[in-house]
Amino acid sequence: MQSKKNAYEVVIVGGGAAGLTAALILGRSRRSVLVVDAGEPRNAPAAHMHGFPSRDGMPPAEFLAEVRREITEYGVELIRDRVTAAEPDGSGEFEVTLADGGRVHARRLVIATGLVDELPDIPGLAERWGDDVIHCPFCHGYEVRDRAIAVLYRKETAIHQALLFSSLSSDVTLFLNGADEDDLPDEHWQTLAAAGVSVVSGKVDGIEVTDDRVSGVRIEGGRVFPRAVVVVPTVMVPRDSLLSALGARTKDTPAGPFVEVDPTGLTTVPGVWAVGNATGPAEQVVNAASAGYRAGATLHAQLLHTDLEREVARRRAGVFSPEGERAVARARRAAVGA
Ligand SMILES: Cc1cc2nc3c(=O)[nH]c(=O)nc-3n(C[C@H](O)[C@H](O)[C@H](O)COP(=O)(O)OP(=O)(O)OC[C@H]3O[C@@H](n4cnc5c(N)ncnc54)[C@H](O)[C@@H]3O)c2cc1C
């Protein structure tokens, strides 16, 4: 799909909660905005979205469709495509290349490309992802309360997950999945015991599924432990290739390197903002939307002041435009009236 124009004040890459909220605020500020979205939001495998006030339980696709409808009311353009490159044009602005070969110019960029969850290679796991194979106690924990929950150990965050899920069900088992029992410090064993979490050693061989539901966890040797839900820590990989090509600095986090942003979402590259899961793994939908809001508002104010400073400098240099003169006359009249 082609964009209507070849230049925009802001191009937003990614149309999930973060990118669309930035678009909403910029559209309401009457900026010319293009959102380019490849259409693969992170929570697409889940049937319901939780924890977003007033939208709790709404299907994620329905939520995004509603925001897309809202932004078009403000003149924001949205196209289904993938940005393959975003490069500085030498004047502090950017040239954006789309997978369909199109190119658009952007004064500013918002990168809201999200992240990819990599699952361990265990037979049966990927097929159930987002249904009864889950990762987030706040997103889907309440819905699996009181059920038989397996937590797969992959890294230390699994301990934290097991403890969080223990407040939702009294039947939580941590599967060490080949990790050495001796590698878990004594304090972990103590806390797991205090939370009533049982622990099973041995490598996990597969997830058993019966009647289209998870029914158990099979460990090496064939023994099956009946379980209804599997919790798995994913490896969260930011979709940050555009940001790294632009030279944006990253910072180390417990989940690996993520782009460094200031509280408004501005990266270390002037003119480039990043929001949502592209900037960190803990951004749930409401946080991603909030980051998009902050970036949109800051970016609008920054563009406004840049343009006004330019106009003031022009005036000082004796270059007057008819529109600028009319604006000054209006301001003076208003001041006299006051
Ligand atoms: C299974 C699952 C269930 C979840 N459930 C919940 C829940 O119930 N509640 C909750 O708050 N959070 C939930 N989350 C987390 C939620 O998915 C994220 O918080 C949210 O998606 C982050 O929004 P985002 O806009 O940063 O990224 P995304 O929603 O992932 O959107 C990024 C968009 O950018 C697009 N994109 C990427 N690269 C490009 C490119 N180069 N060009 C164009 N477009 C591009 C992608 O296709 C995608 O559409 C869940 C996550 C998972 C994995």
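Residues numbered from 1 in each chain as written. Predicted model: local features only at pLDDT ≥ 70, side-chain atom pairs only at ≥ 80, totals over all residues. Heavy atoms only, no water.

Here's the deal with the overall build of the protein
Here is step 1 of the chain: Summing up its helical and strand segments, the protein has eight helices and 19 strands in all.
Here is step 2 of the chain: Reported as C-alpha extents along the three principal axes, the dimensions of the protein are approximately 85 × 50 × 35 Å.
Here is step 3 of the chain: Every one of the 338 residues in the protein was classed for burial, and the buried ones make up 45%.
Here is step 4 of the chain: Taking as baseline every contact in the protein between residues at least 6 positions apart, the subset at least 24 positions apart corresponds to 59%.
Here is step 5 of the chain: Carbon and sulfur atoms provide 53% of the accessible area of the protein, an area that totals close to 16800 Å². (Helix = DSSP H or I, 4+ residues; strand = E, 2+ residues; numbered from the N terminus. Buried < 20%, exposed > 50% of the residue type's maximum accessible area, 1.4 Å probe, protein only. Contact = heavy atoms within 4.5 Å. Areas by Shrake-Rupley, 256 points an atom, 1.4 Å probe, with all protein chains shown as cover.)

Considerations on a negative patch on the surface
Here is step 1 of the chain: A contiguous patch of negative charge on the surface is contributed by Asp180, Glu181, Asp182 and Asp183.
Here is step 2 of the chain: By the element assignment, Asp180 lies in the loop between β10 (172-175) and α5 (186-194). (Patch = residues over 30% accessible without salt bridge, like charges linked within 9 Å, V, L, I, M, F, W, Y side chains within 5 Å. Salt bridge = Lys/Arg side-chain N within 4 Å of Asp/Glu carboxyl O. Lys, Arg positive; Asp, Glu negative; His and termini not counted. Charge placed at Lys NZ, Arg CZ, Asp CG, Glu CD.)

Observations regarding the UniProt feature "domain: FAD/NAD(P)-binding" (unreviewed entry) in the protein
Here is step 1 of the chain: Under the local residue numbering, the UniProt record ascribes the feature "domain: FAD/NAD(P)-binding" (unreviewed entry) to residues 8-292.
Here is step 2 of the chain: A distance of 18 Å separates the end C-alpha atoms of residues 8-292, which is 22% helix and 31% strand. (UniProt positions renumbered as here; feature names shortened; annotations may be inferred.)

Quick word on the sheet that holds β10
Strand pairing in a sheet takes place through backbone hydrogen bonds and is either antiparallel or parallel in direction.
Here is step 1 of the chain: Reading across the sheet, the five strands line up as β8-β15-β9-β10-β11 and stay open at both edges, with parallel pairing between neighbours. Single-partner strands in this sheet number two, and they are β8 (133-134) and β11 (198-200). (Pairing = 2+ DSSP bridges.)

So, the sheet that holds strand β14 (residues 224-226)
Here is step 1 of the chain: Strand order in the open sheet formed by three strands is β12-β13-β14, and the pairing between neighbours is antiparallel. Looking along the sheet, the strands with just one partner apiece sit at the ends: β12 (204-210) and β14. Pairwise comparison of adjacent strand axes, ignoring direction, gives a mean angle of 30 degrees for this sheet. (Axes fitted to C-alpha atoms, helices over the stretch in contact; angles between N-to-C directions.)

Describing the packing of helix α1 (residues 17-28) against helix α2 (residues 60-73)
Here is step 1 of the chain: Where α1 meets α2, the axes come as close as 9 Å, and the angle between the chain directions of the two elements is 20 degrees. With respect to α2, the axis of α1 lies roughly parallel. Along this stretch, α1 crosses α2, giving a crossing that reads as left-handed. Along the contact surface, α1 presents Ala17, Leu20, Ala23 and Leu24, while α2 presents Phe63, Leu64, Val67, Arg68, Glu70 and Ile71.
Here is step 2 of the chain: Residue composition of the contact of α1 with α2, by class: eight nonpolar, no polar and two charged. (Parallel < 35°, antiparallel > 145°, perpendicular 65-115°, else oblique. Left-handed = near helix turned anticlockwise from the far one by under 90°. Nonpolar A, V, L, I, M, F, W, Y, C, P; charged D, E, K, R; others polar.)

Looking at the site of the ligand
Here is step 1 of the chain: Contacts to the ligand come from 37 residues, most closely from Asp37, Glu40, His50, Asn277 and Glu283.
Here is step 2 of the chain: Between the ligand and the protein, one listed contact pairs an oxygen atom with a backbone N or O atom of Arg42 at 2.9 Å.
Here is step 3 of the chain: Between the ligand and the protein, one listed contact pairs an oxygen atom with a backbone N or O atom of Val285 at 2.9 Å.
Here is step 4 of the chain: In isolation the ligand offers 1000 Å² of accessible surface; the protein chains occlude 97% of this area.
Here is step 5 of the chain: Among the secondary structure elements, those contributing two or more residues to the shell around the ligand are α1, β2 (33-37), α3 (137-140) and α7 (285-316).
Here is step 6 of the chain: Its residues assigned to classes, the shell around the ligand comprises 14 nonpolar, 15 polar and eight charged.
Here is step 7 of the chain: Residue contributions to the shell around the ligand reach at least three from each of two domains, namely domain 1 (7-117 + 235-314) and domain 2 (120-231). (Near = heavy atom within 4 Å. Polar contact = N/O pair within 3.5 Å; in protein donor to acceptor, adjacent residues only side chain to side chain. Domains from an automatic or database assignment.)

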